[in-house]
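Structure at a glance
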Amino acid sequence: MNQFLSTPIEYLKGIGPAKAEVLKKELQLFTFNDLLFHFPYRHIDRSKVYKISELRPDMPYVQVKGTLKNLRTLGTKGGQRLVAEMHDKTGVIELVWFQGHKWVKDSIQANKEYLAFGKPNEFNGTLNIVHPNLDDPEDAAIKKYLHIMPMYNCTERMKARGIDSKAIMKWVNTLLMNPGFEVEECLSDAILQENNMISRKAALFSIHFPSNLALLAQAEHRLKFEEFFFIQLKLLRYKVKRHQLFNGIKLEIIGEYFNTFFERYLPFELTGAQKRVLKEIRIDVKRGIQMNRLVQGDVGSGKTVVALMSMLMTIDNGYQACMMAPTEILATQHYETISSLLKDMPVRVKLLMGSTPAREKKKVYEQLEQGELDILIGTHALIESKVVFKNLGMAIVDEQHRFGVEQRARLWQKNTYPPHVLVMTATPIPRTLAMTLYGDLDTSVIDELPAGRKPIQTILRYDSSRLAVYGFMKTEIKKGRQIYIVYPLIEESEKMDYKNLVDGYEGICKEFPEPTYQVSILHGRMKTAEKEFEMNRFIRGETNIMVATTVIEVGVNVPNASVMIVESAQKFGLSQLHQLRGRVGRGADQSYCILMSDVKQSTEAKQRLKTMVETTDGFKIAEADLKLRGPGQLEGTAQSGILDLKIGDLSKDTAILALARNVAQSILDSDPNLQQDVNKPMAKFEAIYRKTAKWGRIS
Ligand code: ADP
Ligand code: MG
């Protein structure tokens, strides 16, 4: 940043110390540069001035010009509003302010001409505009930018101190017009030319004051590109650095363990996608570079066996492997699946969890250190400091969105050299998010379900058809199938949820009485042993119905369960619904997901349920989720400040992000340390971006 731009904001003409205080507090604007990067949230086209007689209540934002008359404050204290009339030759419209009216009143005058900008409404048969923007048509700055005018975010507190969007507009204008104003280019000429982008200076000017909409679009494009580019450059450089720093463990051979398993014990034919991903992993681990790979595969796509075979690859080369799961239920299930698949092979597998008895734990620690264990499966207990491997070659993290960044990082400390890391997730991540959140990982996608699976039928039902749903359940149970019923669990109202669950359970027990039917219940308040007992009864097929909260959400695999009923489905998020639905459809039978919902629901909830009924494609669902909720809300992203973007939008800017990543990659391919002269501008800016960026390193 040059000296001019680092000037404290109070030195800008018109601001001064008092207003600067407000800007610092409310918008964290400290320097000229901060103000320059306080981009408008939108622009309004004010080239057209309507006649008052032309206004209709269904019109979007409009501008009218007229004289203010009859200013008055109405209502009692607390509920006061300021009302004025605006007259032109063709008619009258009412202007109303509910907030900040004292300030408005002081800043406007009756019998003077104004430009009013806002959305026309109808109230009690009269046309009005609530909280219009009023401008003096003779104001030079207004005249100048009347065409396409920037609108800036302002808080109520700022408005109370007389700082509104217009004030900011004027300051930005002052800044841009200052003879000392200069910005340095941060992209090479080559990048600009090849991608047809305008200069940084031009973009920063036009993002505020574009002379036409095409220029605004170019400015946005350029600045979004820049933002994405430096994030990608940084992530990709982590990867380069990691490769330069660490020699990965070489897993060169495919040996006895892998081959015996593949030839004799693998109970099914691998899908093409599973084979491809295993090949990608194989290439990674034998080249002497530490692997950091994300495996995305929709629920039921068969990630467990890919994990297992990668671990066999590892022990074929004389190393140990471990696999972490987010819950004890899931870890136990992995342990059972894997030990049963390996039961006729001399592979030493153990399970380690928080609830493992102390004596057993101690034994596991010893065996690990002595190299008497080949595969360790478990929960967070695996990353406790007491756990020391003799020679860990590969760490697999299942359903990683429940593992924090630091927890994953701790895997590194298990060895003097880092093990290969395989991160598996069934939460499909939109491409933009994957590129940003896991931009330094390589990714593999299992995009194919095992053959013979019938697509799950998803049905939306209202409470009024509950009896019909019970009837359907009975038919399915008669066929030998099992059923999940899931209740929402939302922390703020845990008590209520618990009551709903218990009421629901009692209702089901009445409708499905013993001894004909057996019903299990599973929820977070139960002790681990109780949970396991109930879960195991269901897994073994001893109970017909499992009434549960979302504790069963992740990973649980009961192929005979063919019906998933989600109660109050409108309360669940999309990715959660998708996860839940993925609990069924794992066997050869036709499976069903029944979403029970209130008739009354928000538009967003309606959209979610509609999406669920329409598609079973996890990626489509993830994209829809991103559009509905925005990136900050998605599971697993909250801890990552990486999503605090200034101008880029991960739900819309897929193409720009992909472009930025490609450009960054191709630059690093030819100049991994950014030492060439042409790349000097980027090297310099990368350092600045690195300092200001808030996010931590991933893995
Ligand atoms: P997820 O990817 O959700 O972790 P799992 O690994 O639990 O999926 O696999 C789901 C089910 O599909 C399991 O019962 C597993 O045995 C089975 N499965 C996995 N791969 C195949 C395959 N290639 N052919 C048939 N069944 C498979
Ligand atoms: Mg799984």
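Below is a summary of the structure that appears in this document. (Residues numbered from 1 in each chain as written. Chains lettered and ligands numbered in written order. Predicted model: local features only at pLDDT ≥ 70, side-chain atom pairs only at ≥ 80, totals over all residues. Heavy atoms only, no water.)

Some remarks on the sheet that holds strand 21 (residues 561–566)
Rule in force here: Note on pairing: DSSP must find at least two bridges between two strands before they are called paired. Counting from the N terminus, the helices are DSSP H or I runs at least four residues long and the strands are E runs at least two residues long. Orientation is described by axes fitted as lines to C-alpha atoms, over the contacting stretch for helices, and by angles from 0 to 180 degrees between their N-to-C directions.
Pairing is parallel in the open sheet, where six strands are placed in the order 17-22-21-18-20-19. Each edge of the open sheet is held by one strand with a lone partner, namely strand 17 (457–462) and strand 19 (519–522). Adjacent strand axes in the sheet meet at a mean angle of 20 degrees when their direction is disregarded. The pairing of strand 18 (residues 482–486) with strand 21 spans five bridges and is parallel. Bridging across to strand 21, Ile 483 finds its partner in Val 563.

Observations concerning the sheet that holds strand 10 (residues 292–297)
The cut-off we apply is this: Here, two residues are considered to be in contact whenever any of their heavy atoms come within 4.5 Å of each other.
With parallel pairing, the seven strands of this open sheet are ordered in space as 12-13-11-14-15-10-16. Every interior strand has two partners, whereas the edge strands, strand 12 (349–352) and strand 16 (442–446), have only one. Shown here is a sheet whose adjacent strand axes are inclined to one another by a mean of 20 degrees, direction ignored. By the bridge criterion, four bridges tie strand 12 to strand 13 (residues 375–378) in an arrangement that is parallel. Looking across to strand 13, one finds that Leu 351 is bridged to Ile 377. Helix-sheet contacts for helix 14 (residues 358–370) involve strand 11 (320–324), strand 12 and strand 13, and the interaxial angle to strand 12 is about 135 degrees.

So, the site of ligand 1
Worth spelling out the cut-off: Near is defined per residue: the residue qualifies when any heavy atom it owns lies within 4 Å of the molecule or strand. Any N or O atom pair separated by 3.5 Å or less is treated as a polar contact, with the protein-specific requirement of one donor-capable and one acceptor-capable atom, and with residues adjacent in sequence counted only for side-chain atom pairs. Exposure was quantified through the Shrake-Rupley algorithm and a 1.4 Å probe, taking into account, for residues, occlusion by the shown protein chains and nothing else. Ten residue types, Ala, Val, Leu, Ile, Met, Phe, Trp, Tyr, Cys and Pro, are classed as nonpolar, four, Asp, Glu, Lys and Arg, as charged, and the remainder, Gly among them, as polar.
As a matter of local geometry, ligand 1 sits amid 16 residues, with Glu 269, Gly 300, Lys 303, Thr 304 and Arg 453 nearest to it. Ser 301 places a polar main-chain atom, nitrogen or oxygen, 3.4 Å from an oxygen atom of ligand 1. In this structure, Thr 304 approaches ligand 1 through a side-chain N or O atom, which is 2.6 Å from an oxygen atom. The fraction of the free accessible surface of ligand 1 (560 Å²) that becomes covered by protein chains is 82%. Partitioned by chemical class, the residues of the shell around ligand 1 number four nonpolar, seven polar and five charged.

Observations concerning the pattern of salt bridges
Opposite charge on two side chains permits them to pair, given that their charged atoms come into close proximity. Let me state the cut-off plainly: The working definition used for a salt bridge is a side-chain nitrogen of Lys or Arg within 4 Å of a carboxyl oxygen of Asp or Glu. Here's how the labels work: a residue is buried when its accessible area is under 20% of the maximum for its type, exposed when over 50%, partly exposed in between, all with a 1.4 Å probe on protein chains only.
Using the criterion set out here, one finds 34 salt bridges in the structure. Where Arg 72 meets Glu 94, a salt bridge forms, and the shortest distance between an N and an O atom there is 3.8 Å. Within this pair, whereas Arg 72 is found in strand 2 (residues 62–74), its partner Glu 94 is found in strand 4 (residues 91–97), the two being separated by 22 residues in sequence. Taking the relative accessible area as the measure of exposure, Glu 94 reaches 22% and is therefore partly exposed. The residue Arg 287 makes a salt bridge to Asp 284 at a minimum N-O spacing of 3.7 Å.

Description of helix 11 (residues 272–286)
Test applied: Here, expected helix span is obtained from the residue count minus one, scaled by 1.5 Å.
Spanning 15 residues, helix 11 covers 21 Å between terminal C-alpha atoms, matching the ideal 21 Å at 1.5 Å per step. Restricting attention to buried positions, one finds in helix 11 the residues Ala 273, Gln 274, Val 277, Leu 278, Ile 281, Arg 282, Asp 284 and Val 285. The inward-facing, buried residues of helix 11 abut strand 10, helix 12 (303–316), strand 14 (392–398), strand 15 (420–425) and strand 16. Positive backbone phi, approximately 80 degrees, marks Gly 288, located one or two places after helix 11.

Things to note about the packing of helix 20 (residues 574–581) against helix 22 (residues 618–629)
Counted only if it meets this: Relative orientations are named as follows: roughly parallel for angles under 35 degrees, roughly antiparallel for angles over 145 degrees, roughly perpendicular for angles from 65 to 115 degrees, and oblique for any other angle.
Contact geometry of helix 20 with helix 22 gives a least axis separation of 9 Å together with a crossing angle of 155 degrees. Here helix 22 runs roughly antiparallel to helix 20, going by the angle between their axes. Residues Leu 574, Ser 575, His 578 and Arg 581 of helix 20 form the contact with helix 22, whose own contacting residues are Gly 618, Ile 621, Ala 624, Asp 625, Leu 628 and Arg 629. The residue inventory of the contact of helix 20 with helix 22, partitioned by class, reads four nonpolar, three polar and three charged.

A word on the nonpolar core
Selection rule: Only buried residues count toward a nonpolar core, which is a set of Ala, Val, Leu, Ile, Met, Phe, Trp, Tyr and Cys residues joined through side-chain atoms within 4.5 Å.
If you look at the biggest cluster of nonpolar residues, it comprises 42 residues, and the most contacted ones within it are Phe 261 and Leu 342. Look past the residues within four positions of Leu 342 in its chain and what remains in contact with it is Phe 261, Leu 308, Leu 312, Val 347, Val 349 and Ile 375.

Things to note about unusual backbone geometry
Omega for the bond connecting Glu 514 with Pro 515 falls within 30 degrees of zero, at 0 degrees, which places this linkage in the cis form. Structurally, Pro 515 is set in the loop between helix 18 (494–511) and strand 19. In this model, Asn 111 sits at a positive phi of 60 degrees, which is unusual for a non-glycine residue. Mapped onto the secondary structure, Asn 111 falls in the loop between helix 3 (101–107) and strand 5 (113–118). Classification of Asn 111 by relative accessible area gives exposed; the value is 59%. Residue Asn 124 is not a glycine yet carries a positive backbone phi of 50 degrees. Its place among the elements puts Asn 124 in the loop between strand 6 (120–123) and strand 7 (126–130). Here Asn 124 falls in the exposed class, since its relative accessible area comes to 68%.

Quick notes on the pairing of strand 2
Examined bridge by bridge, strand 2 and strand 5 share six bridges and lie antiparallel to one another. What sits directly across from Thr 67, in strand 5, is Glu 113. Across six bridges, the pairing between strand 2 and strand 3 (residues 81–88) is antiparallel. By the bridge assignment for strand 3, Thr 73 is matched with Leu 82.

Description of the packing of aromatic side chains
What counts is decided by this rule: Each pair of aromatic rings taken from Phe, Tyr and Trp, with Trp reduced to its six-membered ring, is defined by centres within 6.5 Å and is described as stacked if the planes are under 30 degrees apart, edge-to-face if over 60, and tilted in the remaining cases.
Within this structure, the stated rule accounts for 12 aromatic pairs. Aromatic pair Phe 37 and Phe 39: ring centres 5.5 Å apart, planes at 45 degrees, arrangement tilted. Classification of Phe 37 by relative accessible area gives buried; the value is 15%. Residue class for Phe 39 comes out buried when judged on its relative accessible area of 14%. Ring geometry for Tyr 470 versus Phe 512: centroids 5.8 Å apart, planes at 85 degrees, classification edge-to-face. Taken together, the residues Tyr 470 in helix 17 (residues 466–478) and Phe 512 in the loop between helix 18 and strand 19 connect sequence positions 42 residues apart.

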